[in-house]
Every structure is written in C-alpha cells, then in structure tokens.
Amino acid sequence: RSAAAAGWDRLSSATYRRLNLALFTSSAWLCAAAVCMPAFAYGYDMYPAALKAAAGAAHGLTALLCAGVWVRTVEPTRSGHYMPRLVRGLAGSLATLAPKSASDDPEAASSRDGRSELALCAALFAWFAVLPVVSPFPMATVPAILGKRMSRAYSAWTWLAACVCY
C-alpha cells in the first residue's frame, strides 16, 4: 500500500508519531544551531547570514510540519493539552528502554530478535546526544569528535538516531 493510500491512519501509529516528534526535536535544535551559531559553536560564527537564514528557515519549517502532523494524529488529554501526553510518552519510553526479561538461552527467540541490542543503541545514542549539551568543553566534543564548532549542533543527529533505534 502506498503512502498516499495509507495517509493519516499510518501516521497515527505509535512509530510514526515517535519519529515525527524526533524529527521535530532535531529540526528545532538545528534551526537554533543555525540561527544562534555562536551559542552552539563556542563563539564562532562560521557561515554568512544568508546561509544561516536559509538553513534556519528550512529546519524551522521542517519542525513546524512535524509538529503539525503530530498534533493532527494525536488526541489531546481531557483538558485539551498536549504537554501531559508528551511527558507521559517520554516517561513511558524511558521506562521500557530496558529489555523486558533477561534470557540466558542464546537460542531463545527473544535473544535473537535484536531488541536488547537496539535498546542498548538507543540508550547510548541518547547519552551521546545529551552529553555535548550538558558538558563543558572539551568534554562536550567527545561523543561526536567534531571539535568545538560542531559538537553541540551534532546532538540533533544522535538524538534522531536514538529515536530510530528505539
């Protein structure tokens, strides 16, 4: 079935709602990184104003599109707000990140489906996305190894990888 035929029903699934929020977060972060470059790049202002405006607009419009799709595919809480839904979803995702049950049998189906490996990848990518944001330099450059100018902006890509692995 094509994407046009599946339409909003497919985008309403938990996977696509999560990926829309991940792309929204990454695009918003990259928009801020493009527009407020010195705050993200250790004081450096590396690109001309026209390129920063174009990159900021592209990422900002992508973030708005993803937020709009998410709002259209999610039912708000009884009070009409979306924030409790976001907090509950994030807390639930963090709580289910660990494997459900341990298996000592390497031949068991749950040992071979890759869920433990993907959970570990999601946790590590999330850690690598948060570390440059909360750590001072030079520690902030460790996850991406891109140096002071790019490490904090790169967090958007590792955040997106964490959400895809989840």
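Everything quoted here is computed from the prediction, not taken from an experiment.

Here is what the cut-offs are and how they apply
Residues numbered from 1 in each chain as written. Predicted model: local features only at pLDDT ≥ 70, side-chain atom pairs only at ≥ 80, totals over all residues. Heavy atoms only, no water. Axes fitted to C-alpha atoms, helices over the stretch in contact; angles between N-to-C directions. Helix = DSSP H or I, 4+ residues; strand = E, 2+ residues; numbered from the N terminus. Parallel < 35°, antiparallel > 145°, perpendicular 65-115°, else oblique. Left-handed = near helix turned anticlockwise from the far one by under 90°. Contact = heavy atoms within 4.5 Å. Nonpolar A, V, L, I, M, F, W, Y, C, P; charged D, E, K, R; others polar. Expected span 1.5 Å × (residues − 1). Buried < 20%, exposed > 50% of the residue type's maximum accessible area, 1.4 Å probe, protein only. Patch = residues over 30% accessible without salt bridge, like charges linked within 9 Å, V, L, I, M, F, W, Y side chains within 5 Å. Areas by Shrake-Rupley, 256 points an atom, 1.4 Å probe, with all protein chains shown as cover. Salt bridge = Lys/Arg side-chain N within 4 Å of Asp/Glu carboxyl O.

1. Digging into the packing of helix H2 (residues 14-35) against helix H4 (residues 49-73)
Move 1: In contact at an axis separation of 8 Å, H2 and H4 are set at 155 degrees when each is read in the N-to-C sense. Viewed along their axes, H2 and H4 adopt a mutual orientation that is roughly antiparallel. The hand of the H2/H4 crossing is left-handed. Residue-level inspection shows Arg17, Asn20, Leu21, Leu23, Phe24, Ser27, Ala28, Leu30, Cys31, Ala34 and Val35 of H2 in contact with H4, the latter providing Lys52, Ala55, Gly56, His59, Gly60, Thr62, Ala63, Cys66, Ala67, Val69, Trp70 and Thr73.
Move 2: For the contact of H2 with H4, the class distribution of residues is 14 nonpolar, seven polar and two charged.

2. Topic: H4
Move 1: In this model, H4 (25 residues) spans 36 Å end to end at C-alpha, consistent with the 36 Å of a helix rising 1.5 Å per residue.
Move 2: When H4 is considered as a whole, its buried residues turn out to be Lys52, Gly56, Gly60, Ala63, Cys66, Val69, Trp70 and Thr73.

3. With respect to a nonpolar patch on the surface
Move 1: Judged by side-chain polarity, Tyr42, Tyr44, Met46, Tyr47, Leu51 and Met150 come together as a nonpolar surface patch covering roughly 540 Å² of accessible area.
Move 2: Position of tyrosine 47 relative to the elements: it lies in the loop between helix H3 (37-40) and H4.

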